[in-house]
Amino acid sequence: YSAATNTGYYSAATNTGDYSAATNTGDYSAATNTGYCSAATVEGENSVAIATGYKSKVKSTVIGSAIVVVERNDNYNLAAIQSAIVDGEIIKADTWYTCKNGKLVEVKDNEM
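To keep things clear, this report deals only with the structure shown in the data block.

1. A short note on the overall build of the chain
And then number 1: Of the regular secondary structure elements, the chain holds 0 helices and 11 strands.
And then number 2: Element order for the chain, N to C, with α for helix and β for strand: β-β-β-β-β-β-β-β-β-β-β.
And then number 3: In terms of overall size, the chain behaves like a compact globule, its C-alpha atoms giving a radius of gyration of 12 Å where 112 residues would be expected to give roughly 13 Å.
And then number 4: The dimensions of the chain, computed from C-alpha atoms along their principal axes, are 35 × 30 × 20 Å.
And then number 5: Of all 112 residues assigned to the chain, the portion counted as buried reaches 44%.

Okay, here's the thing in structure tokens:
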């Protein structure tokens, strides 16, 4: 239940705890999270949010940044991975996404 936050440009916020959050507000940065039911968020331009844990989610608050999220089966084995650049049309800014059945799908703030 922990958090990693970073505000510098070209920086990284990384977290490995379950039910945790990694957030980065600097441009050209990354937020990564590997914990069960965790989240990764980026707020800077040209940044990447990455979540690889079971039932995790990602979001970018700005157009032009990227999201990457892994889907794991109930045995925690890799099932799929999806990535996209937030364009504001197909992939929306300030919206949570997870990978389900091999596809990026929107999830609500309180889901997962």
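After that view of the structure, there is still more to cover.
2. Quick look at the sheet that holds strand S9 (residues 78-85)
And then number 1: The mixed open sheet is built from 5 strands, whose spatial order is S2-S4-S6-S8-S9. Where the open sheet ends on each side, the last strands, each with one partner, are strand S2 (12-15) and S9. The sheet shows a mean angle of 5° between the axes of neighbouring strands, taken without regard to direction.
And then number 2: Inspection of the sheet shows strand S4 (residues 30-33) paired to strand S6 (residues 48-51) by 4 bridges, in the parallel sense. By the bridge assignment, Ala31 is partnered in S6 with Ala49.

3. Topic: the pairing of strand S5 (residues 39-42)
And then number 1: Burial along S5 is two-sided: Ala39 and Thr41 facing one way and Ala40 and Val42 facing the other are all buried.
And then number 2: Of the pairings in the sheet, the one linking S5 to strand S7 (residues 57-60) comprises 4 bridges and is parallel in character. Paired with Thr41 across the strands is Lys59, a residue of S7.

4. Section: a nonpolar patch on the surface
And then number 1: Nonpolar side chains collect at one region of the surface, where Tyr9, Tyr10 and Tyr28 lie side by side and expose about 430 Å² of accessible area between them.
And then number 2: In this fold, Tyr10 is placed in the loop between strand S1 (3-6) and S2.

Cut-offs and rules
Residues numbered from 1 in each chain as written. Predicted model: local features only at pLDDT ≥ 70, side-chain atom pairs only at ≥ 80, totals over all residues. Heavy atoms only, no water. Helix = DSSP H or I, 4+ residues; strand = E, 2+ residues; numbered from the N terminus. Rg over C-alpha atoms; globule rule 2.2 N^0.38 Å. Buried < 20%, exposed > 50% of the residue type's maximum accessible area, 1.4 Å probe, protein only. Pairing = 2+ DSSP bridges. Axes fitted to C-alpha atoms, helices over the stretch in contact; angles between N-to-C directions. Patch = residues over 30% accessible without salt bridge, like charges linked within 9 Å, V, L, I, M, F, W, Y side chains within 5 Å. Areas by Shrake-Rupley, 256 points an atom, 1.4 Å probe, with all protein chains shown as cover. Salt bridge = Lys/Arg side-chain N within 4 Å of Asp/Glu carboxyl O.

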